[in-house]
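# Descriptive structure summary
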Amino acid sequence: MRFTNRAVVLLTASLTVAATSGCTTASVGDSNGTSPAAGPSVSVSTSVAVNEEARALLPQSIRDKGTLVIATDPTYPPFEYFDTDNKTVIGWDVDTGNALAAALGLKAQYVPATFETILPGLTSKKYDVGMSAFNITDERRKVVDFVAYISGGSGMAVAPGNPAKLSMTASALCGKKVAAQKGTHEALDILPAMSKECTDSGASPIDQMVFPAQTDANLALLSGRVDGVMADSIPLAYQGKLAGNKFELAAGSDYQPRLSGIALNKDSGLRSAITMAMKAIVQSKTYAEINERWAIPSTSAISADRVSG
């Protein structure tokens, strides 16, 4: 996969914005993901037919509105991030969201939000769905419903050559400074559990540093304030390339591969329609094209029978 100079400039700009503003709460933006500058140069089919059976399952209020309001945290390439205008959201989730909306006969409307505010926004019905590479966990399922759309695990971003010799094992992280994004599975579950392993064995705890945005965590690594960054492996590998290979994914298999998916309010009435539409999408050439465009490994693609929460 080739990565354009535009993408490198974009991540540098995003890191600068994050360093000065702390978090991303931009205004509402729409994207069709087809701009010549929007990400890698692999084209994606825009001709997704309406799935009438799935559309018939939509609540009447959504059909009447004609839009699907999608909350996303645009600090997480390749899943979602700002284009060079710092307004238009692009990425894998945007291409997938556009396909989903088209299959339901709707228009996608993207609302940038900080990651930890999306699920509360869904429960208060501020958004229709959340598409921001959400790992599907038991804790999150207590609050919202999910429709799975991809699989992946956690990884560790490190300086080139991995001078601190980090890996996704507790023993390699004891006493090290490790960053993660606030509200993520890594920050809430994995890092605390690994740190407890350290202290239970008599070693120093992990110095856990939690940041409001993924770009903030990456910037901490680039500036040498942390030894590593823990997050989903796919975005970390992609973000390292966008940053001119100034950081890389530590060697090793993904840690605890799991499903990620679309989050939605339990009382929204959307789950059946979205599940049916996503089943059709993952069986179509559009899903493969989107995955190719954003350099998603084939092992992360899921089959239609896994499209569920």
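First, a word on what this report is: a plain description of the structure on this page. (Residues numbered from 1 in each chain as written. Predicted model: local features only at pLDDT ≥ 70, side-chain atom pairs only at ≥ 80, totals over all residues. Heavy atoms only, no water.)

### Focus on the sheet that holds strand β4 (residues 89-90)
The three strands are arranged β2-β3-β4 in an open sheet whose pairing can be described as antiparallel. Strands at the two margins of the open sheet, each flanked by one partner only, are β2 (75-76) and β4. Sheet topology places strand β3 (residues 80-82) next to β4; two bridges connect them, and they run antiparallel. What sits directly across from Y81, in β4, is I90. (Pairing = 2+ DSSP bridges. Helix = DSSP H or I, 4+ residues; strand = E, 2+ residues; numbered from the N terminus.)

### Details of the nonpolar core
Among the nonpolar cores identified, the biggest contains 73 residues, and W92, L100, L104, V129, I262, I274 and M278 are the most heavily contacted of them. If we ignore the near neighbours within four places in the chain, the residues touching L100 are L68, M131, I262, I274, A277, M278 and I281. Core analysis: the next-biggest nonpolar cluster, separate from the first, contains 17 residues, L173, C174, A180 and I206 among them. (Core = buried A, V, L, I, M, F, W, Y, C linked by side-chain atoms within 4.5 Å. Buried < 20%, exposed > 50% of the residue type's maximum accessible area, 1.4 Å probe, protein only. Contact = heavy atoms within 4.5 Å.)

### Quick look at the environment of A71
Structurally, A71 can be placed in strand β1 (residues 67-72). What makes A71 buried here is its relative accessible area of 0%. C-alpha of A71 to C-alpha of G121: the two residues are 50 residues apart in sequence and 8.4 Å apart in space. The residues contacting A71, other than those within four sequence positions of it, are V111, I118, Y127, V129, G130 and M131.

### With respect to the pattern of salt bridges
Pairs may arise between side chains of opposite charge once their charged atoms sit close together. Under the criterion given, the structure shown has nine salt bridges. Here D128 ties to K65 by a salt bridge, and the two come within 2.7 Å at their closest N and O atoms. With D128 in the loop between α5 (115-123) and β6 (129-135) and K65 in helix α3 (residues 60-65), the pair connects residues that are 63 residues apart, well separated along the chain. A relative accessible area of 12% means that D128 is categorised as buried. For the salt bridge of E186 with R258, the shortest nitrogen-to-oxygen distance reads 3.0 Å. Here R258 lies in strand β12 (residues 255-264) and E186 lies in helix α8 (residues 185-200), a separation of 72 residues in the sequence. The residues E186 and R258 share a single accessibility class, namely buried. Via salt bridges that share partners, D145, K266 and R271 belong to a single interconnected network. (Salt bridge = Lys/Arg side-chain N within 4 Å of Asp/Glu carboxyl O.)

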